[in-house]
Amino acid sequence: MMLVSQVHTLWHLYIALGLIAAAGMSAAYVPCNATVVRWFTLKRGLALSITSSGASFGMFVFPPLATVSSLLTAGAWRT
């Protein structure tokens, strides 16, 4: 997300979000899912669904929270 603040053209956005963020998210999901699979045996599907929904829930919660908490109103959106 810090790279997105430095975007000046559309292809910069594609690189920042498409390649770098995707690599970072996959590096976070694989160890997390592997750990959950090893820990849970009975309700493994439920445990995986809860851990996988965490990132989506964060993307749902934090943008409105950032807007309300004057993070965006304190200055320009790039800062």
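Since the model is a prediction, treat every value here as computed from it, not as a measurement.

Novice: How would you explain the overall build of the chain if you had to name every residue and give the values?
Specialist: Looking only at helices and strands, one finds two helices and zero strands in the chain. Counting across all 79 residues of the chain, residues that qualify as buried make up 10%. Accessible area for the chain stands at about 6400 Å²; split by element, carbon and sulfur atoms hold 76% of it.

Novice: Please give an account of a nonpolar patch on the surface that cites residues and values.
Specialist: A cluster of nonpolar side chains, contributed by L3, L10, W11, Y14, I15, L19 and I20, occupies part of the molecular surface with about 760 Å² of accessible area. Relative to the helices and strands, I15 resides in helix 1 (residues 10-39).

Novice: Let's hear about the side chain of S5: which residues, and what values?
Specialist: In this structure, S5 sits in the segment before helix 1. A distance of 3.3 Å separates a polar atom in the side chain of S5 from a polar atom in the side chain of Q6.

Quick notes on the rules
- Residues numbered from 1 in each chain as written.
- Predicted model: local features only at pLDDT ≥ 70, side-chain atom pairs only at ≥ 80, totals over all residues.
- Heavy atoms only, no water.
- Helix = DSSP H or I, 4+ residues; strand = E, 2+ residues; numbered from the N terminus.
- Buried < 20%, exposed > 50% of the residue type's maximum accessible area, 1.4 Å probe, protein only.
- Areas by Shrake-Rupley, 256 points an atom, 1.4 Å probe, with all protein chains shown as cover.
- Patch = residues over 30% accessible without salt bridge, like charges linked within 9 Å, V, L, I, M, F, W, Y side chains within 5 Å.
- Salt bridge = Lys/Arg side-chain N within 4 Å of Asp/Glu carboxyl O.
- Polar contact = N/O pair within 3.5 Å; in protein donor to acceptor, adjacent residues only side chain to side chain.

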